[in-house]
Amino acid sequence: MRPFFRKSAFKSVDEQTLQYPVSIDLHSHLLPGIDDGAQTIEESITLIKGLSSLGIKKAITSPHVMHDFYKNTPDIIRKCLSAVRKEISKQNLDFTIEASAEYYLDEGLYEMLMKGEELLSFGDRYLLFELSFMNEPGLLKDFIFQLHLKGFKPVLAHPERYMFFHRRVEKLEELKNAGVFFQLNLNSISGYYSVEARKMAEWLIDQQMVDFVGSDCHAEKHLIALQETLGRSKYMDKLRKLKLLNSSL
Amino acid sequence: MLSQEEKEWINQHRSVGGRVKRDFTIKTDVSGDFDPEKLRSVFFKSIPVVAVILMLSGVAAWLYLRYTPPLYESSSLLKLDVKKESNIFGFGGFDAYGDPGANLAGELELIQSNVIYDQVIKKPELRVSYFYQGKILSEEKYKSSPFDIQITDLSNNLFDKNISLKLAADSSFVLSYPSPEGKELSLKGKSGDHIETQELKARLTVTNHFKDGQVPGTFYFRVNSNSALLNYLASSLQAIVINPNARTIRVSFHDFNRFKAKDIVDAIDSVYLLETVNSKNLAADQTIEFLNYQLSITDDSLMIAEERIEKFIRENKQVKSERGLENTIDQISSLESEKFALRTDLQSLDTFKKSLASNEPGVDFIPDISYVSNSSLQKFIEEYNQQKSKYSRISVSRKENTMAMQNIKRRMESLEKNLVRLIDKEIQSFQRKINSIDQRVAQYEQELRNLPQKEAEYTRLKRHSDLYEKFYLLMMDRKAQYGINKSGTIPDFRVLSQAAIPDYPVSPRRGLVYGGAMAGGFALSLMFLVISYLLSNKITSQNEVERLISAPVLGSVPQYVKGKMEFSKLVIGENPKSQISEAFRSIRTNMDFIIQKKSGKLISVTSTISGEGKTFVAVNLGGIIALTDQKVVILDLDLRKPKLHLAFETPNDSGMSNLLIGKAKLDSCIHKSPIKGLDFITAGPIPPNPAELMLNENFDKILKDLSKQYDVVIVDTPPVGIVADAVMLMKKADLPIYVLRSGFSKKEFCKNINRIKQTFALDHLTVVLNASGPIRRYGYGNSRSFGYGYYEDEKKSFLQKFFGS
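Fair warning: this is a prediction, and the values are worked out from it, not measured in the lab.

Caption draft 1: Local environment of the overall build of chain A. Of regular secondary structure, chain A possesses 10 helices and 9 strands. Across the 249 residues of chain A, 58% fall into the buried class. The contacts of chain A with a sequence gap of at least 6 include a subset with a gap of at least 24, amounting to 78%. Summed over its atoms, the accessible surface of chain A is roughly 10,600 Å², and 52% of this surface lies on carbon and sulfur atoms.

In structure tokens:
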């Protein structure tokens, strides 16, 4: 419990601590029916309202693009985005939504990059990509190099969750040195994914290696988890002190 | 096609029936460097065993405590006094010389000797022991037995035997004991009855511990023989010196009954006290006895002397003596009295010397020789007496030839020698004194002779009488002194703390037993862990595989946990976001990175022995590739033990064997799988000569045709450790994949893989680790499951994870 006088001195301190550390979220699966996130437009709106209640004004949502299962093209994503936007304005919500994608690194993505196909980036040509959770992809370094050559700024989604980085932080440092931006999942701080993910998240925060934060919101359960996560004062406070690039978007 | 070297290898490994010898038998590599990953896996696997070990040791401790009767200890603290006894006794304080603890040892011996025990076992309550017969343990009912038995006669063979007694609520009883012939004899009776048999005459009564209406149950009693009691006391009694400087001794007794333990310590203390007083009085008694003897002699002499005087006076009516005469007589009389005393002493010295010289072991204490002028003789006598007392005490409980006895004996012998020498001197000096007295008496008598005869006669008589009287009084005085001293004898120890009834048993100690059991359990667990770590020759982690194999590792596949998998099957389609799909997807990506060829890729999947999961890898890898819109076909070439048809749940009517002998058309053998773009050909009927079929030119033709129709051809080969055919397929393949299974494949397999890679120049050989548990997720216990769809992992409770459900 906080002392009474503080509450009166700083209005709604408690409310403030439960606020999202940034007003712009960049990793979520809000577009309906194109990946394992929201399945219907109603679900999309529920999630948007939930994020909005946490203090998020703008979301750059990132549907999965996966060579085998989620063969989402920029066109599919854009079409879906405009439908969601229409619904937002219909419901008169104060929420901005944009879309990029969360690219799964496999041979398909590599091929797309090499062929020069359109890849959805955000902000200053940031490209959000994820890796296999189990096995380290052999073409990771080459891919990063190629991204840089094409003028993209690689953003690795939730680096704290990959099993092959656990207890091998030198690999993350290597990536950092190779010019990769790191996007942390907020829920990792509360150990929502695993104990290891939490430890890695804490390490990343301590090392000030976090560039972006994201909700990775797929469904309502992530919103519920987020509420708990935001109450975790220690690392949330540390995180708030970091210079996060979310606000530049 | 194959080089000479390769053919040789195949020939070497091919025996009758095309099977190769397994040359990778047990070569356990324990020298390998420490592998924390492996330790972790061994640790988690050992958790159930460790839990069982700890539980068992806990149960063992509990059982031990439950079925071990508690042993109680009662103790008292005695302090021996340091003060030296008065020298009026023939022997002084024990600690005249030497270290203060020296005599404590002697006291300990005394306390633990039969001298004491003989007195203690006379206590009536020790004679008969009563026990209550419990289900497992029996409990002694010391002073609380519900019945009492007064034995008047008991045959020898019933001593120390348990005589059982069933006591009923109405105080009737059934008594049974083994007869001398070994038969069980039973007697019925009621409280107060006299029992009379050949072996036993007794009367049994219930005590006030017997409660009416309550069924007391089965008891037994034992009549203890003296020897059994002595053994019992000797085995449970302990006397130790607590502090030699403070001269404190602790007397303790162990027994299962705490009241009995206390009583026995008390009894020992009191018997010891009595014994100390008695042994002290012994010397005084002997002195008094000697004095009495001397007194009786003196008394006789005195009487004779007085009679003579009386007679003389009667005959001569009156005697008057001159003053000078009186004086002379007095002088002579006192000299004579002195001489008499000297004579008596001389006599006693002489007697003592003789008894010493005779070297009898039973020499008594040397009586009072306080008149002895020689102080060193005095000292020797003191010590001699002291040794003597020690000797007599110890000789009760020790054998003649023990070290302690021998030491004392030697000491006594040398003392005796010295004593004899000193006594001789003393006798000489006595003799000289007597001589000088004789001379002086002769002088006085000369003077007397000058007196008238009658007067002289009276004086002579008077002198004798006076002499005896003086001596008699002296003796009486001494005797009285000894009497006073004896009655004032106090023990030279004090009881600092009385024996108490112990509240807690000395053994077993609960904490100690449980602690010990836990420590033992942990030690055993640790041993088990170390041994299983050292003995574990299985591959457990990707790190290990990377270290042991020179070929690149494409990736790991987690264990399939959603239900039991009887046969390898296609699980990719079940859940596109599952851990397994995820793993195969990354393997596909890594594979693609290695193979440069864009179409008509040939992938072979093999393993060392069957059961490592090659079919599982082949099927699911095919599935995940097909999902990227490529056409994939899987061929089952494990013609000896086909499995592919089981994976796809199709009949194995016709397949590769039919195709290889040219008896079927390719298209008719191709089956469609549930996944679009994934086809397969089963093995077909098992042929007698699979190795030859594989060398058949039809095979190359089939592969060629298939590579035209499909982007990727995957062959499921026989295990390479058993059959050499696989090596040829691996040579042909663009990407030979070797499957190892975590926790199943042995480390030696890795050597085999390295050798095959080198021998056949399989540069593209890659490895997939199957069933690798989520060992890295140590934070979550030893669950070998990842759960499903980790993108959207359902939160699982620890227990669910633990049991892999």
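Caption draft 2: Summary view of the overall build of chain B. Across its full length, chain B carries 23 helices and 21 strands. Sorting the 805 residues of chain B into buried and exposed places 49% on the buried side. The contacts in chain B between residues at least 6 apart in sequence include a share of 78% that link residues at least 24 apart. Carbon and sulfur atoms make up 54% of the accessible area of chain B, which amounts to about 39,500 Å² in all.

Caption draft 3: Main features of the side chain of Ser604 of chain B. Of note, Ser604 of chain B is situated in strand E15 (residues 601-607). Look past the residues within four positions of Ser604 of chain B in its chain and what remains in contact with it is Val715, Thr717, Leu729, Met730, Ala733, Leu735, Pro736 and Ile737 of chain B.

Caption draft 4: Fine view of a negative patch on the surface. Side chains of Glu306, Glu307, Glu310 and Glu469 of chain B sit close together on the surface and give a patch of like negative charge. Counting through the fold element by element, Glu306 of chain B comes out in helix H7 (residues 258-316).

Caption draft 5: Inspection of the sheet that holds strand E4 (residues 96-99) of chain A at higher detail. All names here are of chain A. Read across the open sheet, the 3 strands follow the order E1-E2-E4; overall the sheet is parallel. The open sheet is flanked by strand E1 (24-25) and E4, the only strands paired with a single partner. As defined by bridge partners, E1 adjoins strand E2 (residues 58-61) across 2 bridges and the pair is classed as parallel. Considered in E2, the bridge of Ile24 is made with Lys58.

Caption draft 6: Layout of helix H6 (residues 226-236) of chain B. Residues and elements named next belong to chain B. Listing the buried residues of H6 in full gives Leu229, Leu230, Tyr232, Leu233 and Ser236. One side of H6 carries all its buried residues, which in axial view fall inside an arc of 160°. For H6, the exposed residues lying more than 90 degrees away from the buried face are Asn231 and Ser235. Where H6 is buried, its residues touch helix H4 (114-120), helix H5 (124-127), strand E11 (237-243), strand E12 (248-255) and H7.

Caption draft 7: Fine view of the nonpolar core. Counting residues in each nonpolar core, the largest one holds 80 residues, and the members touching the most others are Tyr103, Phe129 and Leu239 of chain A. Each residue touching Phe129 of chain A, except ones within four places of it in the same chain, is listed here: Tyr103, Leu140, Phe143, Ile144, Leu147, Pro154, Val155, Leu156, Ala157, Tyr162 and Val180 of chain A. Ile587, Ile603, Ala626 and Val768 of chain B belong to the second-largest nonpolar core, a separate cluster that totals 36 residues.

Caption draft 8: Geometry of the interface of chain B and chain A. Listed as interface residues are 39 residues of chain B and, on the opposing side, 36 residues of chain A. Where chain B abuts chain A, roughly 3,100 Å² becomes buried across the two surfaces, and 50% of that area is made up of carbon and sulfur atoms. Lys71 of chain A is the salt-bridge partner of Asp629 of chain B, the closest N and O atoms lying 3.0 Å from each other. Here chain B is connected to chain A by 16 residue pairs in polar contact (both at pLDDT 80 or more). Considering each element in turn, the side of chain B that touches chain A owes the most residues, 11 residues, to helix H14 (residues 579-594) of chain B. Broken down by class, the residue content of the side of chain B that touches chain A amounts to 14 nonpolar, 11 polar and 14 charged.

Caption draft 9: Quick look at the packing of helix H3 (residues 41-53) of chain A against helix H9 (residues 220-230) of chain A. Residues and elements named next belong to chain A. Contact pair H3 / H9: the axes reach a minimum separation of 10 Å and the direction vectors enclose 10°. In terms of axis orientation, H3 runs roughly parallel to H9. Within the contact between the two elements, H3 uses Thr46, Leu47, Gly50 and Leu51 and H9 uses Glu220, Leu223 and Leu226. Its residues assigned to classes, the contact of H3 with H9 comprises 4 nonpolar, 2 polar and 1 charged.

Caption draft 10: The arrangement of the confidence of the model for chain A in detail. Residues and elements named next belong to chain A. Looking at chain A as a whole, its pLDDT mean stands at 87, while 93% of the residues score no less than 70. Summarising per-element confidence for chain A, the mean pLDDT is lowest in helix H1 (residues 4-9) (38) and highest in strand E7 (residues 153-157) (95). In this model, residues 1-14 is a region of pLDDT below 50 whose contacts with residues beyond four sequence positions or in other chains number 6 contacts.

Caption draft 11: Quick peek at the packing of helix H8 (residues 195-206) of chain A against helix H10 (residues 233-241) of chain A. Residues and elements named next belong to chain A. The interhelical angle for the contact between H8 and H10, taken along N-to-C directions, is 35°, at an axis separation of 10 Å. For H8 against H10, the interelement crossing comes out left-handed. Contacts from Glu202, Ile205 and Asp206 in H8 reach Tyr235, Lys238 and Leu239 in H10. When grouped by side-chain class, the residues that make up the contact of H8 with H10 number 3 nonpolar, no polar and 3 charged.

Caption draft 12: Looking closely at the pairing of strand E7 (residues 184-190) of chain B. Sheet analysis places strand E6 (residues 172-178) of chain B next to E7 of chain B, joined by 7 bridges and oriented antiparallel. What sits directly across from Tyr177 of chain B, in E7 of chain B, is Leu185 of chain B.

Caption draft 13: Focus on the pattern of salt bridges. Tallied over the entire structure, the rule returns 34 salt bridges over all chains. Notably, a salt bridge pairs Glu136 of chain A with Lys171 of chain A, separated by 2.5 Å at the nearest N-O pair. In this pair, Glu136 of chain A is assigned in the loop between strand E6 (126-130) and helix H6 (140-149) and Lys171 of chain A in helix H7 (residues 169-177), connecting sequence segments 35 residues apart. Using a relative accessible area of 22% as the deciding quantity, one classes Lys171 of chain A as partly exposed. When the shortest N-O distance is used, the salt bridge between Glu125 of chain B and Lys123 of chain B registers 3.4 Å. Since its relative accessible area comes to 24%, Glu125 of chain B is described here as partly exposed. The exposure class of Lys123 of chain B is partly exposed, given its relative accessible area of 25%. Connected via shared salt-bridge partners are Asp68, Asp106 and Glu107 of chain A together with Arg585 and Arg588 of chain B.

Caption draft 14: Fine view of unusual backbone geometry. Residues and elements named next belong to chain B. Across the junction of Ser507 and Pro508, the peptide omega takes the value -5°, indicating a cis bond. Along the chain, Pro508 turns up in the loop between strand E13 (493-497) and helix H12 (510-535). The backbone phi angle of Arg247 is positive, close to 55°, even though this residue is not glycine. Note on Arg247: relative accessible area 6%, which makes it buried.

Caption draft 15: Quick peek at H14 of chain B. The end-to-end C-alpha distance of H14 of chain B is 23 Å, a good match for the 22 Å that 16 residues give at a rise of 1.5 Å each. Taking burial as the measure, the 16 residues of H14 of chain B include 14 buried ones, the bulk of the element.

Caption draft 16: The arrangement of the sheet that holds strand E3 (residues 64-65) of chain A in detail. Residues and elements named next belong to chain A. Spatially, the 6 strands line up as an open sheet ordered E3-E5-E6-E7-E8-E9, and their pairing is parallel. At either end of the open sheet lies a strand with only one pairing partner, and these are E3 and strand E9 (212-214). Note that strand E8 (residues 181-185) and E9 share 3 bridges and pair parallel. Along E9, the bridge assignment pairs Leu184 with Val213.

Caption draft 17: Region of the structure containing the environment of Glu544 of chain B. Residues and elements named next belong to chain B. Tracing the sequence through the fold places Glu544 in helix H13 (residues 542-548). Among the residues examined, Glu544 registers a relative accessible area of 0% and is labelled buried. In this structure, the C-alpha to C-alpha distance between Glu544 and Cys750, residues 206 residues apart in sequence, is 9.9 Å. Once residues within four sequence positions are removed from consideration, Glu544 is found in contact with Asp35, Lys38, Lys538, Ile539 and Lys747.

Caption draft 18: Highlighting the side chain of Thr682 of chain B. Residues and elements named next belong to chain B. Note that Thr682 resides in the loop between strand E18 (678-681) and helix H19 (690-695). For Thr682, the side chain forms a polar contact with the side chain of Asn652, separated by 2.9 Å. Among the polar contacts listed, one links the side chain of Thr682 to the backbone oxygen of Ser654, at a separation of 3.3 Å. Residues within four places of Thr682 in sequence aside, it is in contact with Asp636, His645, Thr650, Pro651, Asn652, Ser654, Gly655, Met656 and His671.

Caption draft 19: Spotlight on the pairing of E6 of chain B. Residues and elements named next belong to chain B. Alignment of strand E5 (residues 162-167) against E6, held across 4 bridges, turns out to be antiparallel. Note that in E6 the partner of Leu167 across the bridge is Phe173. The hairpin turn running from E5 into E6, its antiparallel successor, is 4 residues long, and Ser171 in that turn takes a positive phi close to 60°. Hairpin connection between E6 and E7: a loop of 5 residues separates the two successive antiparallel strands, and Gly182 in this loop has a positive phi of roughly 95°.

Caption draft 20: Main features of the packing of aromatic side chains. All names here are of chain B. In the structure shown here, the tally under the stated rule is 23 aromatic pairs over all chains. Centroid distance Phe147 to Phe221: 6.0 Å. Interplanar angle 65°. Geometry classified as edge-to-face. Linking Phe147 in strand E4 (residues 147-154) with Phe221 in strand E10 (residues 217-223), this pair joins segments that are 74 residues apart in sequence. In this structure, Phe147 and Phe221 share a single accessibility class: buried. Taken together, the aromatic side chains of Tyr130, Tyr132, Phe147, Phe219 and Phe221 make up a single cluster linked through ring pairs. Between Arg258 and the ring centre of Tyr72, over which it is positioned, the NZ or CZ distance is 5.8 Å.

Analysis parameters
Residues numbered from 1 in each chain as written. Chains lettered and ligands numbered in written order. Predicted model: local features only at pLDDT ≥ 70, side-chain atom pairs only at ≥ 80, totals over all residues. Heavy atoms only, no water. Helix = DSSP H or I, 4+ residues; strand = E, 2+ residues; numbered from the N terminus. Buried < 20%, exposed > 50% of the residue type's maximum accessible area, 1.4 Å probe, protein only. Contact = heavy atoms within 4.5 Å. Areas by Shrake-Rupley, 256 points an atom, 1.4 Å probe, with all protein chains shown as cover. Patch = residues over 30% accessible without salt bridge, like charges linked within 9 Å, V, L, I, M, F, W, Y side chains within 5 Å. Salt bridge = Lys/Arg side-chain N within 4 Å of Asp/Glu carboxyl O. Lys, Arg positive; Asp, Glu negative; His and termini not counted. Charge placed at Lys NZ, Arg CZ, Asp CG, Glu CD. Pairing = 2+ DSSP bridges. Arc of directions from axis to C-beta. Core = buried A, V, L, I, M, F, W, Y, C linked by side-chain atoms within 4.5 Å. Buried area = accessible area lost by both parts, 1.4 Å probe. Polar contact = N/O pair within 3.5 Å; in protein donor to acceptor, adjacent residues only side chain to side chain. Nonpolar A, V, L, I, M, F, W, Y, C, P; charged D, E, K, R; others polar. Axes fitted to C-alpha atoms, helices over the stretch in contact; angles between N-to-C directions. Parallel < 35°, antiparallel > 145°, perpendicular 65-115°, else oblique. pLDDT = per-residue confidence, 0-100. Left-handed = near helix turned anticlockwise from the far one by under 90°. Expected span 1.5 Å × (residues − 1). Phe/Tyr/Trp six-rings, centres within 6.5 Å; stacked < 30°, edge-to-face > 60°. Lys NZ or Arg CZ within 6 Å of the ring centre and 35° of its normal.

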